[in-house]
Amino acid sequence: MMSITKPTPSTLRLLLTIKPNARATSVVAVDPTSSITLRIHAPPRDGEANEEVVRFLAKALGLRKSDSRVVKGMKGREKVVEVSGAAGVEVQDVVKKLEELVED
């Protein structure tokens, strides 16, 4: 599965691998053919990490947080986040934005 898909003209779907309890939230790697790896500052309890994932992606992509939600992997490290309200946003633009945020 591709890490970023566009199932409808206004929806993005991102396949993520999450590393919780990091010092700071950041993008570790972007592999368009498999997944996007994020370090998340929040702990994986009571949905805190999921909320941080949604907040971080919305800010990074310049989209509204209320348009993003975790649709798969609520309790796991492999997640699928769906972003509605992404009309006019192209997959290659998302890849480029996330690649610019990659930290070693």
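Residues numbered from 1 in each chain as written. Predicted model: local features only at pLDDT ≥ 70, side-chain atom pairs only at ≥ 80, totals over all residues. Heavy atoms only, no water.

Draft legend 1. How the structure looks around the overall build of the protein. A count of helices and strands for the protein gives two helices and six strands. Counting from the amino terminus, the protein carries its helices and strands in the arrangement β-β-β-β-α-β-β-α. Dimensions of the protein, computed from C-alpha atoms along their principal axes, come out at roughly 35 × 30 × 25 Å. Sorting the 104 residues of the protein into buried and exposed places 43% on the buried side. Sequence separation of 24 or more characterises 50% of the internal contacts of the protein that already satisfy a separation of 6 or more. Total accessible area on the protein is roughly 6000 Å²; 50% of this is exposed by carbon and sulfur atoms. Here the protein carries 17 positive and 14 negative side-chain charges, and the mean point of each set is 4 Å from the other. (Helix = DSSP H or I, 4+ residues; strand = E, 2+ residues; numbered from the N terminus. Buried < 20%, exposed > 50% of the residue type's maximum accessible area, 1.4 Å probe, protein only. Contact = heavy atoms within 4.5 Å. Areas by Shrake-Rupley, 256 points an atom, 1.4 Å probe, with all protein chains shown as cover. Lys, Arg positive; Asp, Glu negative; His and termini not counted. Charge placed at Lys NZ, Arg CZ, Asp CG, Glu CD.)

Draft legend 2. Layout of unusual backbone geometry. If you check the backbone angles, Asn21 has positive phi at about 65° while not being a glycine. The topology assignment puts Asn21 in the loop between strand E2 (11-19) and strand E3 (26-30). Positive phi is not limited to glycine here, since Asp46 has a value of about 50°. The residue Asp46 is located in the loop between strand E4 (36-39) and helix H1 (48-61) in this model.

Draft legend 3. Layout of the environment of Leu38. Here Leu38 lies in strand E4. For the pair Leu38 and Leu57, spaced 19 residues apart in sequence, the C-alpha to C-alpha distance is 9.8 Å. Look past the residues within four positions of Leu38 in its chain and what remains in contact with it is Leu16, Thr17, Ile18, Lys19, Ser26, Val27, Val28, Val53, Phe56 and Leu57.

Draft legend 4. Fine view of the side chain of Asn50. Topologically, Asn50 is positioned in helix H1. Here Asn50 falls in the buried class, since its relative accessible area comes to 9%. At 2.7 Å, the side chain of Asn50 forms a polar contact with the side chain of Lys79. Asn50 has contacts with Val70, Gly73, Met74 and Lys79, leaving out every residue within four places of it along the chain. (Polar contact = N/O pair within 3.5 Å; in protein donor to acceptor, adjacent residues only side chain to side chain.)

Draft legend 5. Molecular detail of the environment of Val81. Mapped onto the elements, Val81 comes out in strand E6 (residues 78-83). Linking Val81 and Pro44, residues 37 residues apart in sequence, is a C-alpha distance of 16 Å. In this structure Val81 touches Leu12, Arg13, Leu14, Leu16, Val53, Leu57, Arg69 and Val70, once residues within four positions along its chain are discounted.

Draft legend 6. Expanded view of helix H2 (residues 91-100). The set of residues buried in H2 consists of Val94, Val95 and Leu98. End-on view of H2: buried residues confined to an arc of 100°, all on one side of the axis. Turned more than 90 degrees from where H2 packs its buried face, Gln92, Lys96 and Glu100 sit exposed. Along its buried surface, H2 packs onto strand E1 (4-8), E2, E3, E4 and H1. (Arc of directions from axis to C-beta.)

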